[in-house]
Amino acid sequence: MIKTFFNKIANRTRIGFFAAFFLLLISYVLTFISTRKVATQDFWMNHTNEVVHDLDNVTGFITKCESAFRGYLITNDQELLTDYYKNKKNTDSTFKKLRLSTHDNKAQQQNLDTLHYLIDQKLFWIENVISEYSKTHRFIPSMLEDRGNGRAWKKIIEAQIYKMKLEETEMWNVRSKKVSEYSGLIQGLNIASIVIAILLTLYSVVVYNKENRARRKASRKAEQYKSQLQSRVKQLAELNTELIELRSLEKYTVTGRIARVIAHEVRNPLTNINLATEQLRTEADSTQNTDLLFNMITRNSERINQLVSDLLDSTRVTELKFSQVSINDLLDMSLELAKDRIKLNKIEVIKNYDLDICAISIDIEKIKIAFLNIIVNAVEAMNEHGVLKLSTTGKDNRCIVKVSDSGKGMNKSDVDRLFEPYFTTKEKGNGLGLANSQNIILSHKGSISAESEPGKGTTFTITFPIG
């Protein structure tokens, strides 16, 4: 039953979160309003305290004025008279401050008018006595006998100030009560907010747990689908690699048959041409022109025969002599054969060999030739101060070799034809080096591919089966 209840709650996620958000929003708005009112009342309470403090200052300044006045009459000390005027000035400034701070309180303004009149009367009497004393500079005790007027004014002033302080205290009590009320309201709102927050937390935990379970279930299914997809992609990649290798083997088989047919068809007439040439050479008169022509025929016949031989070599499946060797050592052997070219072109060689790679079974001499062709091709593709990178790795029971150069690179159409016999991008190349290298690697059940972009160099990737 409890589980069903929580499931119903979880199924209303949006409504629940919206309701909780709405309640919290109302709570926060009311809390904000109450806090503002508390701040307002607090301001007025401070204002009341300030008014009471200023009224106390007025009482103090009036008392100091009277004390300085009486001391001056007794001692004739001018500093005491200076103190009198200083305190009178302070009384005036404090009175102006009270005027400003109570400008919105009509009753207090009227009280201030009365207080101002009383203070003026008190000070008027004092200044008359000071004026009388200044004429004779003789102190007569009767001068301090104000016939009750001075003391009466003082009592009236103190009573008026007490009345004003009492009114301010009453306002302070009212405002304090309001602050207490608003504080209680804020406390209640805070409790309500805490309760809503707790309920929202519990609700969020329930919803999160349910959604998290669903998410984990979906993630497991996604991982399964991903694993299956990766497995199928890997199978397709392996099948595609095998298909490419089979096509390469098929192409070389067809190319080999064509090469053998061409060699047979070319060498038979070529042999007849050579025999006829030798016969003509014995019968014809030997002159400079005839010798030149006979030599030209012989030289070109030999060149044609050599081209046919190279074509046959690039497509012939030869007998292999297998032996175990480290691919790292074999690369170093091939580099040693090309060290003169590398040094001449000031090429920097960077090796990144896998030191734990196991030995493979290959025909060392033939693979050295294949690697040498690839390295020489890379060196010739670079200008001086180029970079030649060699790396070896072992992965998925295969040994992988990468040879990269920092040369000018090739476009896609040239890369697609790179291993075709007689295709070359070099001015003096015959286009059989890479074709021969591919033939050797394929005969080892390996594979070779090239990646290149104009201006970014070329990378050859060669793989061999391990075992």
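The following paragraphs examine the structure supplied in this document.

Procedures and definitions
Residues numbered from 1 in each chain as written. Predicted model: local features only at pLDDT ≥ 70, side-chain atom pairs only at ≥ 80, totals over all residues. Heavy atoms only, no water. Pairing = 2+ DSSP bridges. Helix = DSSP H or I, 4+ residues; strand = E, 2+ residues; numbered from the N terminus. Axes fitted to C-alpha atoms, helices over the stretch in contact; angles between N-to-C directions. Left-handed = near helix turned anticlockwise from the far one by under 90°. Contact = heavy atoms within 4.5 Å. Nonpolar A, V, L, I, M, F, W, Y, C, P; charged D, E, K, R; others polar. Salt bridge = Lys/Arg side-chain N within 4 Å of Asp/Glu carboxyl O. Buried < 20%, exposed > 50% of the residue type's maximum accessible area, 1.4 Å probe, protein only.

### Focus on the pairing of strand S6 (residues 447-452)
- Sheet analysis places S6 next to strand S7 (residues 458-465), joined by 6 bridges and oriented antiparallel. The residue bridging Ser447 from the neighbouring strand is Thr463, located in S7.
- Between S6 and S7, which pair antiparallel one after the other, the connecting turn spans 5 residues, and Gly455 there sits at a positive phi close to 85°.

### Structural notes on the packing of helix H9 (residues 364-380) against helix H11 (residues 433-443)
- Interaxial distance between H9 and H11 falls to 9 Å at its minimum, and their mutual angle equals 145°. Crossing angle aside, the handedness with which H9 passes H11 is left-handed. When H9 is examined against H11, the residues Lys366, Ile367, Ile369, Ala370, Asn373, Ile374 and Asn377 are found in contact with a partner set consisting of Gly433, Leu434, Asn436, Ser437, Ile440 and Ile441.
- When grouped by side-chain class, the residues that make up the contact of H9 with H11 number 7 nonpolar, 5 polar and 1 charged.

### A few points about the pattern of salt bridges
- A full pass over the atoms with the stated rule returns 7 salt bridges.
- In this structure, the salt-bridge partner of Asp332 is Lys351, at a minimum N-O distance of 2.9 Å. Within this pair, whereas Asp332 is found in helix H7 (residues 327-337), its partner Lys351 is found in strand S2 (residues 348-352), the two being separated by 19 residues in sequence.
- Asp332 sits in the partly exposed class, given a relative accessible area of 28%.
- Under the relative-accessibility criterion, Lys351 is labelled partly exposed at 46%.
- Note that Lys368 and Glu365 form a salt bridge whose closest N and O atoms lie 3.8 Å from each other. Note that Lys368 and Glu365 are positioned in helix H9 at a spacing of 3 residues, about one turn of the helix.

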